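Per-entry structural report
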Amino acid sequence: MEPPRILVVEDEDTLRRAMADSLTDEGYVVGAFADGRDLDAMVAFSADLAVLDVMVPGRDGFQIAAALRARRDVPVLFVTARDALDDRLTGFGVGADDYVVKPVALVELAARARAILRRTGHLHIDTLTVGDLTVHGEEPRVVRRGAEIDVTATEWRLLLHLARNRGRTLSKTQLLTHVWGYDAFDPNLVEVHISALRRKLEAHGPRVITTVRGVGYRLDAVDPDPGAGDNGAGDPS
Amino acid sequence: MAVLLVALAAVTASLMSQRLDQDLRERLDARAELASTVPMNSDLDDLADRFTDDTIRATISRDGESVAGVQEPPFRPGGPGFEPSLDADEVARLTRTVELDDGTTISLRGNPFDNHRVIAGLVFVEFVVSGVLIAAVALTFRLVARRALAPLDEMAAAARRIAAGERRLRLQPSRVDTDLGGLATSFDTMVDSLDGAVHRAERSEATMRQFLADASHELRNPAAAIGATAERLIHGHHDQAEREALALDVVRESHRLGRLVDDLLDVARLEGPVDRAREPIDLVALLAEEVRRGDRAASRVGATVRLAATPTVAVPPVTGDRAALARTVTNLLDNAVHHAPAGSAVEVGLRVDGPRVIVAISNDGPGVPVEDRERIFDRFVRLDEARARDEGGSGLGLSISRAIARSHGGDVRCVDPVSGHGATFELFLPFVNAGTGEGREDDHSSDAGHGA
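Worth saying up front: this structure is predicted, and the values here are computed from it rather than measured. (Residues numbered from 1 in each chain as written. Chains lettered and ligands numbered in written order. Predicted model: local features only at pLDDT ≥ 70, side-chain atom pairs only at ≥ 80, totals over all residues.)

1. Structural notes on the overall build of chain A
Definition in use: Only DSSP runs of H or I covering at least 4 residues are called helices, and only runs of E covering at least 2 are called strands; the numbering of each starts at the N terminus. Comment: burial labels come from other C-beta atoms within 10 Å of the residue's own C-beta, placed from the backbone, where a count of 20 or more is buried, 12 or fewer is exposed, and between is partly exposed. Contact between two residues is assigned whenever their backbone-derived C-beta positions fall within 7 Å.
Across its full length, chain A carries eight helices and 12 strands. The buried share among the 237 residues of chain A stands at 37%. Residue pairs at least 24 apart in sequence account for 55% of intrachain contacts in chain A once pairs closer than 6 positions are excluded.

Okay, structure coming up:
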């Protein structure tokens, strides 16, 4: 399944780079532009979603949206400093699906993009399989060695993030901000939920979440074959 | 006036009384005279009748016995008789006695009560008339006063209406040469002045609101950049070098944000009453400093800044705030350097033209189209959006420069480029010759080395 393609138009270099990197990390293919001049190239990119700033040189975001949508029914998400009612109405008038005022947290941007793509059918969040563990991408379902494990939505989100980054150590801060956002400031939350997850997961198999002292946590694949006698803790795929 | 009328009444009554009294006595005397010439053996009753009338009574007696004439009943008011309130002196004064040769005595008695009645009547009439007069005068006075002061009521009513919101209302008196007319005119002038002040305040408020809206937009961009980059620092998978680069971006963006906030504060401060330092400034020295600084900065982008030539005539000092003027020159130089192509030079010229000094800054860049030359002094206007923003421009530099120049009695203008291409900005500042007042008579309109 081809990953969804996201067009980003933003003239602020720093911000554009950050947005592009963030969306790439989420698994999308990103085409980034600094102005509205090269319309042909933008159209040729064939985006499944356009994330547009309104105030860009060349064409403004509204014009770009209208031009893109004249060719294909591509959903549009405006990210802009302009927050006046007139601007919002114009935005929705040219067919925007969402209109967000800067500054916006990248995790929120990613969440909104995901919501739009899911709705338009471009997003198929696969079920992730890490060793003997299966984590569903769209609903809080976790299965280990054939057993359905009952997890809370928060625990599922935590596990999903670890699963997506399998074999890579994620810090408490990374986990905290990914699941709870930037205004939560209690790293204990992470500890507490990791403990709960471990209890539930380890009821069905060996330890699968490793604590890396001073760094964070890591999810590793465990060989589903219980007879292998190997912890499989070092499988980094 | 009442007092006067009372006095008048008293005086006339008194005079009249005396006159009547005198009149009575004269008549008594005359009659007495007549009585003394009466012939003998006249009929006594007839005689008595002859000498009696409404105000004089004659009685004739012989040997002490009354023989003719009305007996002496008391005088009664309104008719012959009645004398209870006359004292002996009064009676004596109004009595004449004539002795005839044959021993007959004719006694003539004057009756003053008629006179009294007349006086009383006079006084009564006088009082009535006075009363009427006083009432009439009082009423007239009231009416006249009310008429005269009606304009004051009008003024009060107008003032209330203006306060309630009818700002266009004025008295517009038809007569301006009277006291009230003059007052009404002054009133109108005052309302005009206040109305003007309110209008200016409202306009200034509207400008400020617009400015705050624009400013908050401007602040959002660097804020977004800082937040997003910091997020990437948390979630991104970067090596040390990449993380440091991102952190550096955060630092730069926050500096940009800081500069923007400084500019915004400057604009806000310039909007209000300016508390300016006032000292004489040597522009030649200031420019030399700025050119050195600007040249150092320009070398980073491969351009140079130079002073066109030292002025050949003495440039009088300009009075003002040195830091603010230096700021203005810095702004203009930075602008010129930003848009100067690599390898080119930004030229700074200084000349005196009449009562003012002109600093001209020129570059060989893309220039400013004629139709944009006023617009660029508006806040947050950038001709080349993306580039200016990236390079840290807030869009306020020119607006601030102009505001500073104007607060010194001068201005900043984008003029026709000296060399025909590129852009030239001129900063005008008036100077005051300490000894001779305005520098107009020292007309140094020589071009002190402004080169292209």
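2. Some details on the overall build of chain B
Within chain B one finds 10 helices and 13 strands. Out of the 452 residues in chain B, the part that is buried amounts to 27%.

3. Remarks on the environment of B:A277
By the secondary structure assignment, B:A277 is in the loop between helix 6 (240–271) and strand 5 (279–281). Sequence-wise, B:A277 and B:A323 are 46 residues apart; in three dimensions their C-alpha atoms are separated by 9.2 Å.

4. Focus on the interface of chain B and chain A
Interfaces are often described in size by the accessible area the parts lose on coming together. Each partner contributes to the interface: chain B provides 20 residues, whereas chain A provides 23 residues. Residue assignment for the side of chain B that touches chain A shows that the elements contributing at least two residues are helix 5 (179–235), helix 6 and helix 9 (385–390) of chain B. Take the side of chain B that touches chain A: its biggest share by element is 13 residues, from helix 5 of chain B.

5. Quick notes on the sheet that holds strand 3 (residues 95–99) of chain B
All names here are of chain B. What counts is decided by this rule: Pairs of strands are assigned from DSSP output, requiring at least two bridges between the strands. The angle between two axes is taken between their N-to-C directions and runs from 0 to 180 degrees, where each axis is a line fitted to C-alpha atoms and a helix contributes only its stretch in contact.
With antiparallel pairing, the four strands of this open sheet are ordered in space as 2-1-4-3. Lying at the two open borders of the sheet, with one neighbouring strand each, are strand 2 (65–68) and strand 3. Direction aside, the axes of adjacent strands within the sheet are offset by 30 degrees on average. Of the pairings in the sheet, the one linking strand 3 to strand 4 (residues 104–110) comprises five bridges and is antiparallel in character. Bridge assignment links T95 to a residue of strand 4, and that residue is R109. Seen against the sheet, helix 1 (residues 2–36) touches strand 1 (56–62), strand 3 and strand 4 and runs at an angle of roughly 165 degrees to strand 4. Here helix 2 (residues 44–51) sits on the sheet in contact with strand 1, strand 2 and strand 4, set at roughly 155 degrees to strand 1.

6. Topic: unusual backbone geometry
For the bond from A:K102 to A:P103, the omega torsion is -5 degrees, close enough to zero to count as cis. Along the chain, A:P103 turns up in the loop between strand 5 (98–101) and helix 5 (106–119). Even without being a glycine, B:Q172 presents a positive backbone phi close to 45 degrees.

7. Overview of the nonpolar core
Keep this limit in mind: Linking buried Ala, Val, Leu, Ile, Met, Phe, Trp, Tyr and Cys residues through C-beta atoms within 7 Å yields a set, and such a set is a nonpolar core.
Core analysis: the biggest nonpolar cluster contains 40 residues, and A:I6, A:M19, A:L49, A:A50, A:V51, A:L77 and A:A113 have the highest contact counts within it. Sorting the residues of this core by element identifies strand 1 (5–9), helix 1 (13–25), strand 2 (29–33), strand 3 (49–52), helix 3 (61–71), strand 4 (76–80) and helix 5 of chain A together with helix 5 of chain B as the ones contributing at least two each. For this core, the leading source of residues is helix 5 of chain A, giving six residues. Grouped together as the second largest cluster of nonpolar side chains are 37 residues, B:A303, B:V346, B:L396 and B:L427 included.

8. Considerations on the sheet that holds strand 6 (residues 128–130) of chain A
Residues and elements named next belong to chain A. Spatially, the four strands line up as an open sheet ordered 6-7-8-9, and their pairing is antiparallel. Unpaired on one side and paired on the other, strand 6 and strand 9 (147–149) mark the two borders of the sheet. The sheet shows a mean angle of 25 degrees between the axes of neighbouring strands, direction not considered. Here strand 6 runs beside strand 7 (residues 133–135); their pairing, made up of three bridges, is antiparallel. Its bridge partner being in strand 7, L128 is matched across the sheet by V135.

9. Considering the packing of helix 1 of chain A against helix 5 of chain A
All names here are of chain A. Note the cut-off: Should an angle fall under 35 degrees it is taken as roughly parallel, and over 145 as roughly antiparallel, whereas 65 to 115 is taken as roughly perpendicular and any remaining angle as oblique. In this scheme, a crossing is called left-handed if the near helix is turned counterclockwise away from the far one by less than a right angle; it is called right-handed if the turn is clockwise.
Closest axis-to-axis distance for the helix 1/helix 5 pair is 10 Å, and the angle between their directions is 55 degrees. One finds that helix 1 runs oblique with respect to helix 5. Seen from above, helix 1 lies across helix 5 with right-handed handedness. Counting all contacts with helix 1, which are made through A18, M19, S22 and L23, the residues of helix 5 involved are L106, L109, A110 and A113.

10. Brief notes about the packing of helix 6 (residues 153–164) of chain A against helix 8 (residues 188–201) of chain A
Residue and element names in this part refer to chain A. As a packed pair, helix 6 and helix 8 sit with axes 10 Å apart at the nearest point and diverge in direction by 90 degrees. As summarised for this structure, helix 6 and helix 8 are arranged roughly perpendicular, according to the angle between their axes. Facing T154, E155, L158 and L159 of helix 6, the residues of helix 8 in contact are H193, A196 and L197.

11. Looking at the environment of A:R72
Along the chain, A:R72 turns up in the loop between helix 3 and strand 4. A:R72 sits 26 residues away from A:S46 along the chain, and the two C-alpha atoms are 8.7 Å apart.

12. Some words on the confidence of the model for chain A
Cut-off, in case you're wondering: Looking at any residue, its pLDDT shows the predictor's confidence there, from 0 to 100.
On average, chain A scores 89 in pLDDT, and the residues at 70 or more come to 95%. Low pLDDT, under 50, characterises residues 228–237 of chain A; the stretch is placed with 18 contacts to residues that sit more than four places away or in other chains.

13. Comments concerning helix 7 (residues 283–299) of chain B
All names here are of chain B. This is how it is decided: Take the number of residues in a helix, subtract one, and multiply by 1.5 Å to get its expected span. Arc, as used here, means the arc of the directions from the helix axis to the C-beta atoms.
Given a rise of 1.5 Å per residue, 17 residues ought to cover 24 Å, and the 24 Å separating the end C-alpha atoms of helix 7 matches this to within 8%. Of all the residues in helix 7, the buried ones are L283, L287, E290, V291, G294 and A298. The arc that holds the buried residues of helix 7, viewed along the axis, is 110 degrees, so those residues lie on one side. For helix 7, the exposed residues set more than 90 degrees away from the buried face come down to A285, R292, R296 and S299. Tucked inside the fold, the buried residues of helix 7 contact strand 5, strand 6 (304–307), strand 7 (318–320), helix 8 (322–338), strand 8 (345–353) and strand 9 (356–363).

14. Focus on the pairing of strand 8 of chain B
All names here are of chain B. Summarising burial for strand 8: seven of the nine residues are buried, a large majority. Sheet topology places strand 6 next to strand 8; four bridges connect them, and they run parallel. Within strand 8, the residue paired with R306 across the bridge is E347. Direction of pairing for strand 8 relative to strand 9: antiparallel, over a ladder of seven bridges. Bridge pairing in strand 9 links D353 to R356. Counting the residues between successive antiparallel strands, the hairpin from strand 8 to strand 9 contains two residues, one of them, G354, with a positive phi of roughly 65 degrees.

15. Here we look at the confidence of the model for chain B
Averaged over all residues, the pLDDT of chain B is 81; the fraction at 70 or higher stands at 87%. Mean pLDDT across the elements of chain B ranges from a minimum in strand 13 (residues 437–438) of chain B, with 42, to a maximum in strand 10 (residues 411–415) of chain B, with 93.

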